[in-house]
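Examination of the molecular architecture
Spelled out from the first residue to the last, the chains are:
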Amino acid sequence: MEGVGITVTEHLLIHQKDSPMATGLFTRMFNELIFSAKIIAREVRKAGLVDILGLTGDINVQGEQVRKLDDYANRILIHRMQKAGVLCAMSSEENADIIPVPYNMPKGNYLLIFDPLDGSSNIDANVSIGTIFSIHKKKDGLEEVSVSDFLRSGTEQVAAGYFIYGSSTMLVYTTGNGVNGFTLDPSVGEFLLSHPDIKIPELGRVYSVNESYTMYWDERTRAAVNYFKSSKNERGKPYTSRYIGSLVADFHRNMLYGGIFMYPADNRDPKKPRGKLRLLCEAAPLSFVAEQAGGAATDGEKRILDIEPQSLHERVPLFIGSKRDVEKATAIMQGAE
Ligand code: AHM
Ligand code: MG
């Protein structure tokens, strides 16, 4: 019936009732995150109309130019989340150091890690972009938060997900009980449950990788990518190639249709072969979502969620998506096939 739909807040409250220890703080944090994303979505929507496109002229901690919308999204998230009273600190892709909640503001025991606007090189071309988030709980004492509080494996996340600012705005998240997707109804300003219990097909038809780096890959990586380029999948269907260059958008499409996203290590810097994507704010949260949807994620060798981070902005190779495709790529990367 028209007008009937579960809002994300209702969904959160139902979930909260299932957990007798729940204090409501998690729901409060999520509501604040959702409100921040609505503000970001609003700015993304009007990006072509105001003088907000383009670069700020600054260089971020990753050595990349900061676009105005990246900066805006980052500031909104920090500003709103630090006064929600539920966090003790945050870490953003855009900030070199952790961002403790100021001493004069109320604190909670959650830690929030985020990429405020992933895929931002696509902003000016009107391509889908997103916000990725990962939530941990601080283990002991709320004062004295340090980087080491954030250096925890992905298995310890209490929630993770992403907002995608595409043809519609969506929220997809998990708290470790499956994955649900909500679509923002702009007429009422609410996220409504549109994709309950998302399951990624076990075997996909899509492979997503930036093949222009072939010359920088080792032999095994070339063999893994070549498998998807030149083989039929285990059901006898050829793979098809799709690469947007916006991780959230590539990942989201593969979640719904099935497929594998690969960002392998390369030796563009011959002294330091490495992947591009960040473990804590990109790979770990999406890997939690992928696994909860029945998919898988590795760095070509190990499960992403088992990696113990050594630094805040550590980068990893990433193979993520449909379980059997990720297993195939990982086996080839290991020389097992
Ligand atoms: P960003 O967080 O600075 O936007 O960078 C990450 C993005 C991902 O969204 C995307 O998958 C990747 O970089 C694309 O990189 P490339 O242009 O090397 O293919
Ligand atoms: Mg990113």
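Note: the structure precedes this text.
Worth saying up front: this structure is predicted, and the values here are computed from it rather than measured.

We now examine the overall build of the chain. Along its length, the chain carries seven helices and 17 strands. For 337 residues, the compact-globule estimate of 2.2 N^0.38 gives 20 Å, and the C-alpha radius of gyration of the chain, at 19 Å, lies within 12% of that figure. Across the 337 residues of the chain, 54% fall into the buried class. The long-range share in the chain, meaning contacts at least 24 apart out of those at least 6 apart in sequence, stands at 64%. Carbon and sulfur atoms form 50% of the exposed surface of the chain, whose accessible area is close to 15,000 Å². Each charge class in the chain can be summarised by its mean position, and for the 38 positive and 42 negative side chains these summaries are 3 Å apart.

So, about the state of the cysteines. By definition, a disulfide links the sulfur atoms of two cysteines through a covalent bond. Inspection of the entire model under this criterion finds zero disulfides. Cys281 supplies the cysteine sulfur nearest to Cys88, a cysteine that is in no disulfide, at a spacing of 18 Å. Using a relative accessible area of 1% as the deciding quantity, one classes Cys88 as buried. Classification of Cys281 by relative accessible area gives buried; the value is 5%.

Here we take up the nonpolar core. Within the largest apolar cluster, 47 residues are counted, with the highest numbers of intra-cluster contacts made by Tyr162 and Met255. Sort the elements by how many residues they give to this core and helix α6 (residues 279–292) lands first, with six residues. Residues contacting Met255, with those up to four places away along its chain left out, are Tyr162, Val179, Ile198, Lys199, Ile200, Pro201, Val289 and Ala293.

So, how was this worked out
- Residues numbered from 1 in each chain as written.
- Chains lettered and ligands numbered in written order.
- Predicted model: local features only at pLDDT ≥ 70, side-chain atom pairs only at ≥ 80, totals over all residues.
- Heavy atoms only, no water.
- Helix = DSSP H or I, 4+ residues; strand = E, 2+ residues; numbered from the N terminus.
- Rg over C-alpha atoms; globule rule 2.2 N^0.38 Å.
- Buried < 20%, exposed > 50% of the residue type's maximum accessible area, 1.4 Å probe, protein only.
- Contact = heavy atoms within 4.5 Å.
- Areas by Shrake-Rupley, 256 points an atom, 1.4 Å probe, with all protein chains shown as cover.
- Lys, Arg positive; Asp, Glu negative; His and termini not counted.
- Charge placed at Lys NZ, Arg CZ, Asp CG, Glu CD.
- Disulfide = S-S within 2.5 Å.
- Core = buried A, V, L, I, M, F, W, Y, C linked by side-chain atoms within 4.5 Å.

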